[in-house]
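The lines below spell out each chain.
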Amino acid sequence: MRNSTGGSKGAPDFLLLILTLLLVGFGLVMVFSASSSMTVVSKKFGYDALYFTKRQFMWAGLGTLLMLVLMNIPYTKYKKWFAPFLFLTTLMLMIVPFVASDINGAHSWLGIGGLGIQPTEFAKIAVILYLAAIITKKDDKFREFKRGLLPVMIVIGFLCGLIMLQPDLGSCVILILCAGSIIVAGGANLKQLAMSAAIIIGIFALGFSVYLLTHPNFEGGYRLARFTAFRDPFAAKEGYGLQLLRSLEAFGHGGLTGAGLGNSVQKLFYLPYSYNDFIFSVIAEELGFIGTSLFLLFFVLFLWRALIVALRCPDNFGTLVGIGMVSLIGLQALINMGGVSGAIPITGVTLPFISYGGSSLLALMMGMGVLLSISREYNRETREPARQASEPRQPTRYQTARR
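Criteria and cut-off values
Sequence positions are assigned chain by chain, starting from 1 and proceeding in written order. For this predicted model, a pLDDT threshold of at least 70 governs which residues receive local features, and a threshold of 80 or more governs which side-chain atom pairs are given and counted, while totals over whole chains, interfaces and linings are taken from all residues. The basis for every side-chain value is the complete set of non-hydrogen atoms in the structure, without hydrogens or water. Put simply, the grid is 1 Å and covers the protein atoms alone, a cavity is a trapped set of points that fit a 1.4 Å probe, a pocket is an open set with protein on both sides within 12 Å along at least five of seven lines, and lining residues have an atom within 4 Å of a point. Grid points are joined across faces, edges and corners, and a volume is the space filled by probe spheres set on the points. Here a strand is any run of E in DSSP of at least two residues, a helix any run of H or I of at least four, and the numbering for each starts at the N terminus. Lys, Arg, Asp and Glu make up the charged group, whereas Ala, Val, Leu, Ile, Met, Phe, Trp, Tyr, Cys and Pro make up the nonpolar group; the residues left over, Gly among them, are polar. Here, expected helix span is obtained from the residue count minus one, scaled by 1.5 Å. Categorising residues by exposure relies on relative accessible area from a 1.4 Å probe, with only protein chains included: less than 20% of the type maximum marks a residue as buried, more than 50% marks it as exposed, and the intermediate range marks it as partly exposed. The pairing test for Phe, Tyr and Trp rings, Trp by its six-membered ring, is centres within 6.5 Å, and the orientation test on the planes gives stacked under 30 degrees, edge-to-face over 60, and tilted for anything in between. Only when the NZ atom of a Lys or the CZ atom of an Arg is both within 6 Å of the ring centre and within 35 degrees of the ring normal do we say a charge sits over the ring. How sure the predictor is of each residue is captured by pLDDT, a score from 0 to 100. When checking whether two residues touch, look at their non-hydrogen atoms; a contact exists if any pair is within 4.5 Å. Under this definition, polar contacts are N or O atom pairs within 3.5 Å; protein pairs additionally need one hydrogen-donor-capable and one acceptor-capable atom, and for neighbouring residues in sequence, both atoms have to be side-chain atoms. Criterion for a salt bridge: a side-chain nitrogen of Lys or Arg within 4 Å of a carboxyl oxygen of Asp or Glu. Throughout this description, the term nonpolar core refers to a set of buried Ala, Val, Leu, Ile, Met, Phe, Trp, Tyr and Cys residues connected via side-chain atoms within 4.5 Å.

For the second largest pocket, the calculated volume is near 660 Å³. Among the elements of the structure, helix 5 (145–164), helix 6 (169–185) and helix 7 (190–214) are those that each provide at least two residues to the lining of the second largest pocket. When residues of the lining of the second largest pocket are assigned to their parent elements, the largest contribution, 10 residues, is made by helix 7. The residue makeup of the lining of the second largest pocket, split by class, is 19 nonpolar, 4 polar and no charged.

The terminal C-alpha atoms of helix 6 lie 25 Å apart, and with 17 residues this matches the ideal 24 Å at 1.5 Å per residue to within 8%. Among all positions in helix 6, only L169, G170, S171, C172, I174, L175, C178, A179, I182 and I183 are buried. G187 sits one or two positions beyond helix 6 and adopts a positive phi of about 95 degrees.

Bringing the packing of aromatic side chains into the picture now. Given two aromatic rings, their pairing is described by the distance between the two centres and the angle made by the two planes. Inspection of every chain in the model, using the stated rule, returns 15 aromatic pairs. For the ring pair F45 and Y51, a centre distance of 4.9 Å and an interplane angle of 55 degrees mean the geometry is tilted. By the ring-pair criterion, three or more aromatic residues cluster together here, those being F26, F251, F280, F295, F299, F302 and F353. One Lys or Arg, R55, reaches over the ring of Y51 and ends 3.8 Å from the middle of that ring.

The next point concerns the confidence of the model for the protein chain. Summarising the model, the protein chain shows a mean pLDDT of 82, and 81% of its residues fall at 70 or more. Looking across the protein chain, the model is least confident in helix 13 (residues 397–402), with a mean pLDDT of 42, and most confident in helix 10 (residues 279–311), with 94. Counting contacts from residues 1–6, a segment whose pLDDT is below 50, to residues more than four positions away or on other chains yields 14 contacts. Note on residues 396–403: pLDDT is under 50 here. Beyond four places in sequence and across chains, it has 2 contacts.

What follows is about the side chain of S360. Position of S360 relative to the elements: it lies in helix 12 (residues 358–390). At 3.4 Å, the side chain of S360 and the side chain of T350 are in polar contact. Apart from the residues within four sequence positions on either side, S360 is in contact with E121, Q332 and T350.

This part covers unusual backbone geometry. Located in the positive-phi region is F269, a residue other than glycine, with phi close to 70 degrees. Checked against the element boundaries, F269 lands in the loop between helix 9 (242–254) and helix 10. Under the relative-accessibility criterion, F269 is labelled exposed at 57%. A positive phi angle is found at F353, which is not glycine, with a value near 70 degrees.

Below, the discussion takes up the pattern of salt bridges. Opposite charge on two side chains allows them to pair when their charged atoms are near. Applying the stated rule across the entire model yields 6 salt bridges. We note a salt bridge from K79 to D315, for which the minimum N-O separation is 3.9 Å. One end of the pair, K79, is in helix 3 (residues 78–99); the other, D315, is in the loop between helix 10 and helix 11 (316–340), and 236 residues separate them in sequence.

Turning to the nonpolar core, a few remarks are in order. Among the nonpolar cores identified, the biggest contains 100 residues, and L131, F295, F302, I329, L351, F353 and M368 are the most heavily contacted of them. A total of 13 residues in this core trace back to one element, the largest contributor, which is helix 4 (residues 119–138). Once residues within four sequence positions are removed from consideration, M368 is found in contact with L16, T20, M67, F302, M325, I329 and F353.

This is how it looks when you write it as structure tokens:
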């Protein structure tokens, strides 16, 4: 089998593939553990203990299929395919605030055939491919502000503005940080980048403050109160700080060894969205400090392996895509864990591969398919010299004449 460069395809990085599938499998187990006790007694969910698990399993199956398909496409193809993908996700982001139903004060989901699709999750992958392709194409010209950094900032700013119309602050922050990591790795002029970032942060802080206090969707500053409740959740333990307090109680109840898989107390109608945003709290309660530490070590191993694949890529496009995926997954996990543990404000982002959520899981597995395709190119590059060295050498014309 041949790729676009004419060489045989290498094998994918099986360690990264196995780590990805293990994370998804662990996520399915935790979604069942965190949701089954609630859904089995709820008429709304048909008294079905597997209500959320079956849906997550469906998304995991579809995501695995897409990952395997994308893994078998030469990653250089995505240099051209990013444009229609970015256009499609931008179009969905423009539509979703006006047609999506209100869920917890946000208009983030498009209803398609009874399923909810969150365009923001796919926009994150589209931005990674866009930035990697543009930076690679412009090369040294990317260091020029007008021809390099400015056009990219306009595109990212436009997308962030569309996301804030929903509104979705957590995803907006993740997108900006992820884009920043790719831009820095791509060789941008750091002085220009720092000055631009300072101006953007100032404008964003001013506009966001006004928006929080005046926009009707924020119900008189409700989200501002929730955003700052992490500073003293006990002062609002009957209101905005209740969710964080329940989460901290789950951490405390878990102790050193945990209450045991399936034995969480907080998931029994005490901790809202225990199967989604706060699933890490359930992990801490059921597996304890030891189990949670092992999970974190496993997650770090996954990120480390993904970064190794990115850095081994023979060209800049693949390396930047890999760095973008590692940044996306790592930052999102950090913001989720920091929020539920009270270290940073709660922003409502999911824990990658673990939390319930079809769009997030599907988009991440698509990204992993691209990263595994990159690993196949590296393995092809390293296998070809070894194969050539093992082949018997043909006799030269001089040796043939001597015979």
